[in-house]
Amino acid sequence: QVQLVESGGGLVQPGGSLRLSCTGSGFTFSNAHMSWYRQAPGKERELVAEITSAGGSTNYADSVKGRFTISRDNVKSTVYLQMNSLKPEDTAVYYCNAKRIYRFKPEDIWGQGTQVTVSS
């Protein structure tokens, strides 16, 4: 069964930190391009950060540059999102995404999402 399972969300005060984790199973994790997206109430889902399959290259949304760090451990089939200096506008459901080639076609795999709330 192909799946992504996120964890690590919660309630944190402004200026605080959280680390999200996403573990994949049922597919070759080390071949997948991994990303974190988020969706705030009433807004469209947006890309937060992404990392190539070997971890050699990363990309971030302008709104999180310098505060968030994406990393991966292909031995553990896990991708992480370290979030520092959190702001209320970071409040959203965070989704893990894997992009892979399956039967010669690109395929997206999504996690169930984890809620991050930044509030005092």
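Residues numbered from 1 in each chain as written. Predicted model: local features only at pLDDT ≥ 70, side-chain atom pairs only at ≥ 80, totals over all residues. Heavy atoms only, no water.

## Things to note about the environment of G8
With respect to the secondary-structure elements, G8 resides in the loop between β1 (3-7) and β2 (10-12). C-alpha of G8 to C-alpha of K65: the two residues are 57 residues apart in sequence and 20 Å apart in space. Non-local contacts of G8, meaning those with residues more than four positions away in its chain, are made with L18, R19, L20 and T114. (Helix = DSSP H or I, 4+ residues; strand = E, 2+ residues; numbered from the N terminus. Contact = heavy atoms within 4.5 Å.)

## Points about the nonpolar core
Counting residues in hydrophobic clusters, the biggest one holds 29 residues, and the most contacted among them are M34, W36, V79, L81, M83 and Y94. Going through the elements one at a time, β3 (18-25), β4 (33-39), β5 (46-51), β7 (68-73), β8 (78-83), β9 (92-102) and β11 (114-118) are the ones with two or more residues in this core. Looking at this core element by element, the count peaks at four residues for β9. Residues within four places of L81 in sequence aside, it is in contact with L18, R19, L20, W36, V48, A49, F68, T69, I70 and Y94. (Core = buried A, V, L, I, M, F, W, Y, C linked by side-chain atoms within 4.5 Å. Buried < 20%, exposed > 50% of the residue type's maximum accessible area, 1.4 Å probe, protein only.)

## Description of the packing of aromatic side chains
One pass over the structure, following the stated rule, counts two aromatic pairs. Ring geometry for F27 and F29: centres 6.3 Å apart, planes at 45°, overall tilted. Comparing F27 with F29, the two get one shared label, buried. Measuring from ring centre to ring centre gives 5.0 Å for Y37 and W110, while their planes differ by 65°; the resulting arrangement is edge-to-face. Highlighted residues: Y37 in strand β4 and W110 in strand β10 (residues 105-110), separated in sequence by 73 residues. For the cation-ring pair, R45 lies above Y95, with the distance from its terminal atom to the ring centre recorded as 3.8 Å. It is R45 that lies over the ring of W110; its NZ or CZ is 4.6 Å from the centre. (Phe/Tyr/Trp six-rings, centres within 6.5 Å; stacked < 30°, edge-to-face > 60°. Lys NZ or Arg CZ within 6 Å of the ring centre and 35° of its normal.)

## Comments concerning unusual backbone geometry
With a phi close to 50°, S85 is a non-glycine residue in the positive phi region. Looking at the secondary structure, you find S85 in the loop between β8 and β9. Phi at F104 takes a positive value of approximately 70°, unusual for a residue other than glycine. With respect to the secondary-structure elements, F104 resides in the loop between β9 and β10. Accessibility expressed as a relative area gives 82% for F104, which makes it exposed.

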